[in-house]
Amino acid sequence: MKNRFAISMALVGLALAAPARAGDVLVIQKDKTFSQQEITIRSGDRVVFRNEDSVVHNLYSTSPGFEFEIKTQLPGQSADERFDGKGEADVRCAIHPQMKLRVKVDR
Amino acid sequence: MPWASSLARSEALTPGGYQEFMSGYRRGAAAPAPETNPSTPEREQLGKTLFFDPRLSASGVMSCGTCHNPGLAWGDGMPKGVGHGMKTLGRRTPTLLNVAWGELFFWDGRAASLEEQALGPIASPDEMNLSLEQLTARIREIPEYRPLFEAAYPGEPISPPTIAKAIASYERTIVSGSAPFDRWIDGAEDAISEDAKRGFLLFNTKAQCSTCHATWRFTDDAFHDIGVPGEDRGRGKHLPQIGVAQFAFKTPTLRNVDRRAPYMHDGSEPSLEAVIELYDRGGKAVRPSLAREMQRLDLSDGDKSALLAFLKTLTSSDAPVALPVLPR
């Protein structure tokens, strides 16, 4: 899990403070896109969504079993979401539809 | 807050100061097409023929081009569209300019592709009122359509999917031409007035227009509640559980915008001057879903006229569209 987090950090290429727990994956919102288009995590892992844009975002998923909404997220704010179960969750921004992230959750 | 810092910057940067924003407005590559429907001249020609064919409506008098009229910047110039039996529709006809780059379609984003969008108004009882079964039968009965379909989609039947793909291929050719603004971005200093250049600076700073009206297409393809009064929930109809989607509509392009009055999704603002006033006051309808970016701007009269001068530089002088000879 630590490796996955390290890879995720390398992908975004930014020296940021690490999320608190092993198993967390950081996804950054910048220039109205996600830093990754697809991530694979284990059930129970958390994904930390950080808004590094100058505009607000509003992430949500309607994928069965993974429904959630992170309400309005101001520039600079982080929020996390825990994914339990097995399957795929499509995460979108309700404002900016070009922001698309698939979260693959393994048991 | 980003807009606060931009405000301070704009005040410190007159005259000039706009150079740093110009690179964000250069035109991109040629119009994209999906792998499932690559564009070819045959597909575009078939699509153009279908687009302007009124037999795609139950009445036989409405084509796609009736509302998306190239002579009216691919809209109809009315506050709201008019459909089958002269029924007034719920929203203004959107322009088709630069839809090739779009993300979601219709004012509320309910179609995920142009192919999906194209059949909606044909089959809608309020619009062209022709069921897809009737549409297919009618086109199949026109002998001169057959070779056009065979050239465009060899081996595929005349069917709703091929009709939709052809129309989408044609719509991807509808691209706004080079405007004075583009020539200025490309280095022709005199292509737009000094007032328009100041308007461009305001557009990117104090007035915050570029937060959503971004890139050379002047849209972020996104959905915002900008405080237009009314009961139409727009994107919220399709995302009822999402607060910010309520009363949100897709950001329209600003290309050729001075040819496309009246404005907003419901045609409720008659002029660009009126639109600027709406933004200056931070929107008219204050609701929980109102976009946070909607703030009072406190634009001066000079600011407003500069913005207007800038918006008028976005209009291209495009060649008239030649109507196709329709198959019989």
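For clarity, every value in this text was computed on a predicted model and none was experimentally measured. (Residues numbered from 1 in each chain as written. Chains lettered and ligands numbered in written order. Predicted model: local features only at pLDDT ≥ 70, side-chain atom pairs only at ≥ 80, totals over all residues.)

The secondary structure content of chain A amounts to one helix and nine strands. Listed by position from the N terminus, the elements making up chain A come as α-β-β-β-β-β-β-β-β-β. A buried classification covers 37% of the 107 residues belonging to chain A. Sequence-distant contacts, at least 24 apart, represent 45% of the contacts inside chain A between residues at least 6 apart. (Helix = DSSP H or I, 4+ residues; strand = E, 2+ residues; numbered from the N terminus. Buried ≥ 20, exposed ≤ 12 C-beta atoms within 10 Å, placed from the backbone. Contact = placed C-beta atoms within 7 Å.)

Before going further, it helps to spend a moment on the packing of helix α10 (residues 194-204) of chain B against helix α12 (residues 301-311) of chain B. When two helices pack together, their arrangement is given by the angle between their axes and by how far apart the axes lie. Residues and elements named next belong to chain B. Across the interface, α10 lies against α12 with an axial gap of 7 Å and an inter-helix angle of 100°. The pairing of α10 with α12 is recorded here as roughly perpendicular in orientation. Contact residues: Asp-195, Ala-196, Arg-198, Gly-199, Phe-200, Leu-202 and Phe-203 in α10; Asp-303, Ser-305, Ala-306, Leu-307, Ala-309 and Phe-310 in α12. (Axes fitted to C-alpha atoms, helices over the stretch in contact; angles between N-to-C directions. Parallel < 35°, antiparallel > 145°, perpendicular 65-115°, else oblique.)

Attention shifts here to the packing of helix α11 (residues 272-280) of chain B against α12 of chain B. Residues and elements named next belong to chain B. With their axes 10 Å apart at the nearest point, α11 and α12 run at an angle of 125° to one another. Viewed along their axes, α11 and α12 adopt a mutual orientation that is oblique. Considering the relative orientation of α11 and α12, their crossing is right-handed. Of the residues in α12, those in contact with Leu-272, Glu-273 and Ile-276 of α11 are Lys-304, Leu-307, Leu-308 and Leu-311. Considering only residue class, the contact of α11 with α12 consists of five nonpolar, no polar and two charged. (Left-handed = near helix turned anticlockwise from the far one by under 90°. Nonpolar A, V, L, I, M, F, W, Y, C, P; charged D, E, K, R; others polar.)

Looking now at α11 of chain B. Residues and elements named next belong to chain B. Burial in α11 covers these residues: Leu-272, Val-275, Ile-276, Leu-278 and Tyr-279. Angular distribution of buried residues about the axis of α11 spans 155°; they occupy a single face of the element. Following α11 by one or two positions, Gly-282 has its phi on the positive side, about 80°. (Arc of directions from axis to C-beta.)

All names here are of chain A. Strands sit in the order β2-β1-β4-β7 across an open sheet of four strands; the sheet is mixed. Only two strands of the sheet have a single partner each, and these edge strands are β2 (33-34) and β7 (78-82). Relative to β7, strand β4 (residues 46-51) is paired through five bridges, and the arrangement is antiparallel. When the sheet's bridge partners are listed, Arg-46 is paired in β7 with Arg-82. (Pairing = 2+ DSSP bridges.)

Residues and elements named next belong to chain A. One open sheet holds the five strands; their spatial order is β3-β9-β8-β5-β6, and the pairing between them is mixed. With partners counted over all chains shown, the strands left at the sheet margins are β3 (38-42) and β6 (68-69), one partner each. Sheet topology note: the β3/strand β9 (residues 100-106) ladder contains five bridges and is parallel. Note that in β9 the partner of Glu-38 across the bridge is Arg-102.

Residues and elements named next belong to chain B. Membership of the largest hydrophobic core comes to 36 residues, with the highest contact counts inside it found for Leu-50, Leu-56, Phe-149, Ile-163, Ala-166 and Ile-167. Counting only elements with at least two residues in this core, the list comes to α3 (41-51), α5 (114-123), α6 (132-140), α7 (145-152) and α8 (160-171). Ranked by the residues each element gives to this core, the list is headed by α8, at six residues. Excluding anything up to four places from it in sequence, Ala-166 contacts Arg-43, Leu-46, Gly-47, Leu-50 and Ala-152. (Core = buried A, V, L, I, M, F, W, Y, C linked by C-beta atoms within 7 Å.)

This next bit is on the confidence of the model for chain A. Residue and element names in this part refer to chain A. Considering every residue of chain A, the mean pLDDT works out to 85; 79% of them sit at 70 or more. The weakest mean pLDDT in chain A belongs to helix α1 (residues 2-12) at 44; the strongest belongs to strand β8 (residues 87-93) at 97. Every residue in residues 1-19 is under pLDDT 50, and counting partners more than four places away or in other chains gives 19 contacts. (pLDDT = per-residue confidence, 0-100.)

This next bit is on the confidence of the model for chain B. Residues and elements named next belong to chain B. Residue-level pLDDT values for chain B average 95, and 95% of them are 70 or greater. Taken together, the stretch residues 1-14 has pLDDT below 50 and engages in 16 contacts with residues farther than four places along the chain or on a different chain. In the model output, the complex is listed with pTM 0.90 alongside ipTM 0.87.

It is worth spelling out the environment of Arg-235 of chain B at this point. Residue and element names in this part refer to chain B. Its location among the elements puts Arg-235 in the loop between β1 (223-224) and β2 (249-250). Under the C-beta neighbour-count criterion, Arg-235 is labelled buried, with 29 such atoms within 10 Å. Here Arg-235 is in contact with Asp-108, Gly-109, Phe-223, Ala-245, Ala-248 and Phe-249, once residues within four sequence places are set aside.

So, on to unusual backbone geometry. Excluding glycine, most residues fall at negative phi; most peptide bonds, likewise, are trans. All names here are of chain B. For the bond running from Ala-261 to Pro-262, omega is -5°, close enough to zero to count as cis. Looking at the element boundaries, Pro-262 is found in the loop between β2 and α11. Despite not being glycine, Asn-98 shows a phi value in the positive range, around 65°.

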